[in-house]
Structures are given as structure tokens and as C-alpha cells.
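These are the residues of each chain, in order.
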Protein chains: 2
Amino acid sequence: MRPRPARGRITALDAYDIRFPTSRRLEGSDAMNPDPDYSASYVIIRTDVGDGLEGHGFCFTIGRGNEVEVAAINALRPHVVGLRLAEVLTDLGGFCRSLVGDSQLRWLGPEKGVVHMAIGAVVNAVWDLYAKREEKPLWKLLADLAPEQVVALIDFRYVEDALTPDEALGMLRRARGGMKEREARLLAEGYPAYATSPGWLGYPDSKVAGLAREAVDGGFRQIKLKVGADLDDDERRCRTARGAIGPGVRMALDANQRWGVAEAVGWIRRLAEFDPYWIEEPTSPDDILGLAAIRREVAPVRVATGEHVHNRVMFKQLLQADALDILQLDACRVGGVNENLAILLLAAKFGVPVCPHAGGVGLCELVQHLAMFDYLAVSGTLQDRVIEYVDHLHEHFLDPVVIVRGRYAAPTAHGFSSTMRPESLAAYAFPGGAAWQTPYDVPPAEGSPA
Amino acid sequence: MRPRPARGRITALDAYDIRFPTSRRLEGSDAMNPDPDYSASYVIIRTDVGDGLEGHGFCFTIGRGNEVEVAAINALRPHVVGLRLAEVLTDLGGFCRSLVGDSQLRWLGPEKGVVHMAIGAVVNAVWDLYAKREEKPLWKLLADLAPEQVVALIDFRYVEDALTPDEALGMLRRARGGMKEREARLLAEGYPAYATSPGWLGYPDSKVAGLAREAVDGGFRQIKLKVGADLDDDERRCRTARGAIGPGVRMALDANQRWGVAEAVGWIRRLAEFDPYWIEEPTSPDDILGLAAIRREVAPVRVATGEHVHNRVMFKQLLQADALDILQLDACRVGGVNENLAILLLAAKFGVPVCPHAGGVGLCELVQHLAMFDYLAVSGTLQDRVIEYVDHLHEHFLDPVVIVRGRYAAPTAHGFSSTMRPESLAAYAFPGGAAWQTPYDVPPAEGSPA
């Protein structure tokens, strides 16, 4: 497909510091993040086309430092404002490389942390605008691209030793087979989800058991528990949850980077009797060799990681080193849709299932599009694939996710599902919004980074 | 040693955006950084002690984005201002962990990029204050610490599989032997340096030859050339430089991350006839496995990297994977002196020489202290050790480096040599300083990130 003809230019890139006071309730809690205030460094891209369409995107953060992300987004403005829309939309690969390639900003990474996440927010906002213009949900826009167009979106620098453009093209072409049938099935049945809400670290056992049972009754076939603070507590919580869900439902564990290598191995072995499906972030997301060592020692418990893996070069190595059983894509950690396409292709090349990270604010809304594109056009399968689901803050979005019997319904609204309600943007603006003026009057949302 | 008794508190942490318009001359140039404006996100820590002493530190950046670093430094202020000086100086390990451990800011890394570099600047500023209070240069202050005190400064999380606190303690204790003699030798003879100034990519061959000969005549036993933009040019430049310095002087090459794995191998093999001593940053600093593959293929040419390696977890793996012949410590990339102590110990454990990255603005001033401490108290040797030296912007410091016959003279002034002249801080403040008002009147300095 070709983008619809576009005459205008990008006239504005505005950044907003949006924070939800989620730390006010103690329910959001894991071993590393006791008190997150779910936040978005939010981007709106405007044009002079006159069609009223805007591109919305954001970084997800957990509070302090959201203003640093906003500063990084502002630093990208000169690369974006003034560009002809036609040039951007016909060469989104080049646009992305122009942001990553700013030699001065690159020094602050390269391709990691605050600046790279800001690039991701801007790139995602442009994709949102593109999909709105094409009057498609993003997953459908991506699936309608020709394989050659997808390959042109990807920066193969530093990953060609694992995946060449030609290999990617071959994979994408082969995946065209059966795509129509898969799309029909996706629209009819949705994409499987798993439930993190039962397992926050601060919950009493009775609440864990109740929520776990509720999730299974609601159709979820996998739940997740936070672990890593205290081994005796974890044993008791695992026993409680396993008792509540029975043997046929998958139970994942998440340590949020709490351990070193030896500690991870010992801890997971102690919990193995409860048949955990995966252990998530057992150690530093940077520790490729450490994760590989842990994986060798704790099999058959699977190792999952990704929400803090900062770029495609790290994912490439996690796959090369056999360090991962489950790749947890995140929509807002890397350089936007484009880099996530590279990561989806790498995962497919190595035969590792992608089970995206979500939760926070808006992560479910975004990442569902990438997982659905993967199903249609890359991996072609739902086998062992689940998208994380956490039930909070969706009400702030114009096109919130819809969960039916434990599955994400395919979004049909145009765009990337990334647009927050204007009244939410106003109320949760930090520090000026109403939510931050009346600290205990606004009903807070709950949760913790998943 | 115990810190001198301190009664006061830290009363201010101020951040300044300082930029030098180095891009105005074309001489600073490498394959990835065509036009750097050398910059410092500069920190001053003040107390109510009344002794007039301040702690100075900074992040080095290359221009755009320096304001993002300043925002990150400001985000750390609540963790610093109000602390009792006595508590900070008697537990600098704990202080450092309190910055790294902010769960909300940690989300923006973890331990990488903008936030981690900001932590490094703040930690280094506190070390500067500490050394000024003790009336010692930092290298001497560090060398005077007991082994137990050094170990207590280090965060072993995520590196204990390669280096335990007990191993570190044993290494430090063994290195006490001969320390007095090494200190006397250091004071008498200085620490070996190598010269990067001859090799900027934009220089014509005649200038490369002249500057290379000048460096050797000045006592340097190693020079460095930038490569990676054009292979034919690189061959010609290598031939020119090798001809100028003769066979007995080491010639390092630096590709500044330009290549993928296969391209790096092919390129370096073509240049091998000129007997390069090391190839620096042949690919992404994140690509541990790629660097290991390159190293296997290009031996006996050595692989060097480090200036963009973002934390101790990455260095640990580079060492575990046999990916490095030379470890290029940087004073401003990781979480300050404390994390660099971990990196020095890891390098010594694996028997890999440390040849610090310097240049930019102030990097020579800072990193000499760490290399000298390594010589006295960790590795105990100068064998194959050299600190990078680039001759620019030193005039802005109160205690600039002193090079004598190709060697760094050991600094004797109190502190971390990190204090810029007040008039430089005023003139190069961005965007308000005089240097940025009269764009072509101020004589610019030259250079490029080394």
C-alpha cells in the first residue's frame, strides 16, 4: 500500500507531563517498585492539513523523572517540526533513523534510556497519525504493508549478524500464507491475555486467592504473581494461588530484577514445586550471560524478560545466547514501532514466543497492535502467546482495550489506541492538574509496573 | 582512614548547562560524530560548613541534550540536599545506592543513559568535596582507604557471579604490597599517556603525518587514528601515520561504533598490514557477543571498548565473554567513582588492562585519578596501561592535567581536578553566556569525542 497523498507539514510537537497518583494506595507493589505513580510523557504531533487529525504517543514512566523524559522529547522537536508529511509517511524508516542518528543526542545513549524512549514516543505518535489518516487500526495498517515496506522500516545496523534484510523479507513473504484466515479468526476470537492483577506483592493471601479464582472464572488461562521480597512469603503465596487456580492454569512469577544469578537459581528452585510457567526478570535486564546461566539451571521453568531491555541489539544477544524462553516486548521502551518490528522478526527467527509486557498506563492499549500484527504477518501463530493484562487506567483512553473472556478484542478504531481523553490530560497534568491540587480527593487508580 | 569530622549539611545541589562551541571548526571529526559541541552538565554541591569548600562534578555530553542531563541532575536534588555531611562521607556506598535505588527514576534506566550519567556527576561531585576536605588529590584519598572501606563503596549487585566482596577484599589486600614504592614512582615519573590529537578523521594526510611525528617527538609511545568512514581513505591514512611514527610506536584505531560484526572483521583485516595495536569501538557498545566474535576474528589486533559501556553489568559480561583486550574506563559514563571501582576490580580479576577514555571536556582531568588509584591499589602495574590524552579545553579548569614527555604528572591539588574556572562557567553557560552571544568572536577549541 501507498500512504494517502499528503500535502501538509508537521507544525507542532508538544510534550506533556501526565501523572496518575497511583502510589496513594498500597496495592501497587512489587519487589523493586514499592510506590509507582504511573505516568506518561505524552506527545501530540499536529499538522497544517486541516483534517483535525493528530498523532498521539507517549513514554510510560512511574513518576519522578517524567519531566526528564519530557525534556528529551522537547530535544527532538527540531527533527520533526517542519517536515513534509508526505516525506515522513513514505519513509518512516528514514524518519526513525534521523532521530536515532542525531550524533549529539546519541552520546546520551546510544539507543538506550531516556533519549531512546523519547524517540519511541515520537515515532509511535507518527504511527498513530498515519493509521488515523489511513482510517485503520495500527495492527491492520501494519498487516497491509508489503513485506518490502516492512523491511524498509527496520534499522538492521548491529543485528545483521543475526537477521539480514533478505531473511526478514523471506520470513514476511512466507507469513502471507493464511493471513486472511488469521485476520478473520483474530476479529472473531481476539488475542489471548493473562492477568497480573491478582499477584501484587502487597496483597494478603485471601485477596490473592480470591482474585486468582476470579481471573480463571473470567476466562484467563494464565495469572502472574510478584515474588522476590521474601522467600517464605513467596512459598506461601504460590501455594495459595496454585490452590486457587488448580493445576491446569499457568502461573507465571515475576521478580522484577531483584536477584543476582546464584540467588535467582536458589529461589526459583525452591518455588519449582508450584509449577511456575515462567520466571520473569530474575535479574538485571542487562545481564544476558547471567540470564542464560539462570535459564540453564532452572529449566523446565522458563525465563522471560524484555520490559527493560533497551534495544534490538540486546534482544539479539538474548536470543543468540539462548537466554530467553519468552520475549516480553514493550511498546514504550525501545525506539517505537520500527524497532519493535525488528524485535518481532528476531524472535520469530529464533523461534521464541513473544508475550508482550503491558499494564502501567496505556501499555495494553499500544502493545496489542504489535502482538496482533505479529500473529497476522510474522510468527503466524498464537501458540504460547499471551499479552499481559492489568485492569487499571484504561478509562483515560478514547479507545480503551476490550477484554472478552480473557482475550483482547481486536481494536477497530483508527490509530494506535494511544489517544488519552482531553479531560484526563487536563486533570492529571503535573503539577498543575486538578488531581495534584487536591491530593486525597481524587479516587486513585491502583497497580504497579507489571 | 576516617573522614575528618563534619558537622554540617549539604545545602545546595546546583546544575549548570555549560557548552563549548567546538563544532565551529571542522577539525573535530570521527565516523559517528561529525560536529560535537563539547559540553558539561555541571554540578556544584554546597554545604553550610563555612569552610568555602564545594564539590564539583559533571557529565560530559557533546551538545544537544545537555539540558536533558541537567534535568536529570535536578531530579536527584531531593536525594542530596539536606543530608548530613558526616553521614554521606562515612557511607559513600550507601549514598550511591540511594541514588541508584530511587525506584521511580530507576524505571528510566535501569542504571544506564541520562539518569545514570547524572548520578555519576553527583557522586563525583561528592568525591571532589570529600578530597578537598581531606586536603588530598582524589587518587591519594582513594589509595589511603583501607581495603574494607573500598569494598564497602561498591554495589556488588548483579556482578557477584564474577566478583565477590571477599575476592575484591583479597585483591585489594594483596595490592598493598609495594604501594609505597609505586606511589614514589608515580610522583617521580607520572602515568603513561597516548595521543589522539593527530588522528581526527577530517585531517589531511600531511597534517596527520606532522602531528603524529610531533607526538612521538614529544614522548608519546602510542597514537590513535579515527577510521571507519571510507576504507580506501583509512588505508592511506594508516600508511601515512605508520610511515611517520615508524614501527616501534603503537598505533591504535578507533571506529566509533561504525560497523556491524562482519563489516568490522573485513575492514580491520584490510588495515592489519599497518600493525594496529587496537581497534576501538568496532561496533555497538551493547554488542557483547558481537565484540567477542570480532575479537576472535581479528586477533592479534586487540579489541578495545568502554567509553559508551553503560554500567558494571555490561563490563562484567564483556570480560566473561572474552570480548575485550583493553578496557576503556570512562569517568562520566557510569555511576561515578564508586561504580568505576567495581569496574577496575573486575578488570584486574580478569587480567585485562585498563586504558581510560579521555578527551572531551574534563575527562582527562577526572580519569587520571582513577588510573593512578588502579596502579597504586588494584592492578599494581603500568604494563600496557595508557591514559588517552587530547590537548583541548584544559584551560578551563583550575587544576588542568600536566603532560610531561608523554606522561600524566600526578595531580597534587586537593580534590578531583573537576573544578572549572568561574569565568569559564560564566562565559560558556548555554544559552546565556558570552560565548553563545557572539558566535564567531570567541576562539573555539577543537576536537571530537575520543
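- As recorded in an unreviewed UniProt entry, chain A goes by L-fuconate dehydratase and comes from Streptomyces resistomycificus.
- Taken from UniProt, the Cofactor (unreviewed entry) comment for chain A reads in full: "Mg(2+)".
- Quoted verbatim from the Catalytic activity (unreviewed entry) field of UniProt, the annotation for chain A is "L-fuconate = 2-dehydro-3-deoxy-L-fuconate + H2O".

## Some remarks on the relation of the copies chain A and chain B
Right, on to step 1. Superposing chain A onto chain B requires a rotation of 180° together with a translation of 0.0 Å along the rotation axis, leaving an RMSD of 0.0 Å. In the structure described here, the two chain copies are related by an operation that fits a two-fold rotation axis. Every residue of chain A has its C-alpha some distance from the rotation axis, and the shortest such distance is that of Gly113(A), at 2.5 Å.
Right, on to step 2. The overlap is high: 100% of the interface residues of chain A also sit at the interface in chain B, so the same surface is used on both sides.

## Quick word on the sheet that holds strand β2 (residues 39–47) of chain B
Residues and elements named next belong to chain B.
Right, on to step 1. A sheet is described by the order of its strands in space; here three strands give the open sequence β1-β2-β3, paired in antiparallel fashion. A single partner strand is all that each edge strand has here, and the edge strands are β1 (10–19) and β3 (55–61). On average, each strand axis in the sheet is inclined to that of its neighbour by 15°, with strand direction left out of account.
Right, on to step 2. Where β1 lies against β2, nine bridges are found, and the strand directions are antiparallel. Bridge pairing links Arg19 to Ser39 in β2.

## Quick notes on the UniProt feature "domain: Mandelate racemase/muconate lactonizing enzyme C-terminal" (unreviewed entry) in chain A
Right, on to step 1. With numbering aligned to this structure, UniProt lists the feature "domain: Mandelate racemase/muconate lactonizing enzyme C-terminal" (unreviewed entry) at residues 205–301 of chain A.
Right, on to step 2. With 52% helix and 15% strand, the stretch residues 205–301 of chain A has end C-alpha atoms that lie 23 Å from each other.

## A word on the interface of chain A and chain B
Right, on to step 1. Taken residue by residue, the interface counts 59 residues in chain A and 59 residues in chain B.
Right, on to step 2. Of the roughly 4,800 Å² buried between chain A and chain B, counting both surfaces, carbon and sulfur atoms make up 57%.
Right, on to step 3. Where chain A packs against chain B, one counts six salt bridges.
Right, on to step 4. Note that Lys112(B) and Asp286(A) form a salt bridge whose closest N and O atoms lie 3.0 Å from each other.

So, how was this worked out
Residues numbered from 1 in each chain as written. Chains lettered and ligands numbered in written order. Predicted model: local features only at pLDDT ≥ 70, side-chain atom pairs only at ≥ 80, totals over all residues. Heavy atoms only, no water. UniProt positions renumbered as here; feature names shortened; annotations may be inferred. Least-squares fit on C-alpha atoms with pLDDT ≥ 70 in both. Contact = heavy atoms within 4.5 Å. Pairing = 2+ DSSP bridges. Helix = DSSP H or I, 4+ residues; strand = E, 2+ residues; numbered from the N terminus. Axes fitted to C-alpha atoms, helices over the stretch in contact; angles between N-to-C directions. Buried area = accessible area lost by both parts, 1.4 Å probe. Salt bridge = Lys/Arg side-chain N within 4 Å of Asp/Glu carboxyl O.

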